Amino acid sequence: MADADSGGDAAWISEDDDGGVVSAGSGGTPPSVSSGAGGGGAVEEDFNIPAPTGAPDPYTRFAHLCGEGCTPGGDPTECSSSGGADSSSSTGGTSPQTLHCQLTLVDGKAAPGCGPVGRFGAGGPCHRGSDCAFGLGCAALDGEGGVCRQYCCGNVESCAPGTYCDERPMAESVVEGSDPVPIPVCVPAVNCELLNDSACPAGLTCTIVREDGTTSCVAPGVGRADEVCPCAPGFVCSMLTNQCKQLCRVDGGAQDCGTNAKCQGGSAVYPAGFGVCVSTS
């Protein structure tokens, strides 16, 4: 079942120092540069702007939700023990991993620690993180109750294709009268069309959520062109500047971008036929 985003930051795009589009989405491993060939032609705007001093690494932008200590979904040896994945048995075999780093609710906050691996895989039912298999946490997804989902504390682009990293309430924190505690997990993306919110639930907008151009429905912000993210419907966030850029159809012309601007596409960052408005003046 597709899960629409009901929170978290807007998606972003990034550009290289020569103006070529680098990536789009919610973060991840260092992306490769695209020259912008095709679509609207080469980007002419100069994006040689350094990232703001002290700005958080967008690739680990949810790390603050995971507390300090081991990394949920990270290196399995953080929680290895006698009988763990790196321990050989007397017959020379390898025992299954018995512990993994998971988030638990401690004094109203998410705290990481090594706990037993549960039996339910991704998409399985759960009440708490200890119900879920290695690398998975228990998140409350809309209309589905507690569901085991992959953590994405250390790298938002570690999510499997067709999913993306976003905040969801920790299942055991969803108690009447209390504020849910958000944790970062991989959730299914909605294959929606940019600049067309008809496939999205009311109040959500379609935007780019991964550096490979994956789209989904997210809660919009208010930022418009060159304003601070998160962005309003019809805009996408630039990772490099933390500013919004206007989405457009390559064949939309002045209808989308207005005068003194054109629609720049031609990159895997954007679905075919889409790009962002760049100045021609």
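Now for the state of the cysteines. Evaluated as defined, the whole model comprises 13 disulfides. Each sulfur in the disulfide pair Cys 192 and Cys 206 lies 2.1 Å from the other. Between Cys 192 and Cys 206, the S-S torsion sits near 85°, and that sign places the bridge as right-handed. Taken together, the residues span a long stretch of sequence, with Cys 192 in the loop between strand S8 (182–188) and strand S9 (205–208) and Cys 206 in strand S9 at a distance of 14 residues.

What the rule picks out here adds up to three salt bridges. Across the pair Glu 157 and Arg 210 runs a salt bridge, and its minimum N-O distance is 2.8 Å. A residue pair is termed long-range when its members are at least 10 positions apart, and Glu 157 in the loop between strand S6 (145–150) and strand S7 (163–169) and Arg 210 in the loop between S9 and strand S10 (215–218) qualify at 53 residues. Comparing Glu 157 with Arg 210 shows no difference in burial state: the two are buried. For Arg 168, the salt bridge is made with Asp 166, and the minimal N-O distance between the two is 3.0 Å. Across the pair, exposure class does not vary: Arg 168 and Asp 166 are buried alike.

This next bit is on the nonpolar core. Among the nonpolar cores identified, the biggest contains 17 residues, and Leu 103, Ala 110, Tyr 151, Tyr 164, Ile 183 and Val 185 are the most heavily contacted of them. Going through the elements one at a time, strand S5 (136–141) and S8 are the ones with two or more residues in this core. Here this core gets three residues from one element, more than from any other, and that element is S8. Beyond its immediate chain neighbours, meaning those up to four positions away, Ile 183 contacts Leu 103, Ala 110, Cys 138, Tyr 151, Asp 166, Glu 167, Arg 168 and Met 170. Counting residues in each nonpolar core, the second largest holds 15 residues, with Val 190, Cys 200, Val 236 and Phe 274 among its members.

Conventions and cut-offs
- Residues numbered from 1 in each chain as written.
- Predicted model: local features only at pLDDT ≥ 70, side-chain atom pairs only at ≥ 80, totals over all residues.
- Heavy atoms only, no water.
- Disulfide = S-S within 2.5 Å.
- Helix = DSSP H or I, 4+ residues; strand = E, 2+ residues; numbered from the N terminus.
- Salt bridge = Lys/Arg side-chain N within 4 Å of Asp/Glu carboxyl O.
- Buried < 20%, exposed > 50% of the residue type's maximum accessible area, 1.4 Å probe, protein only.
- Core = buried A, V, L, I, M, F, W, Y, C linked by side-chain atoms within 4.5 Å.
- Contact = heavy atoms within 4.5 Å.

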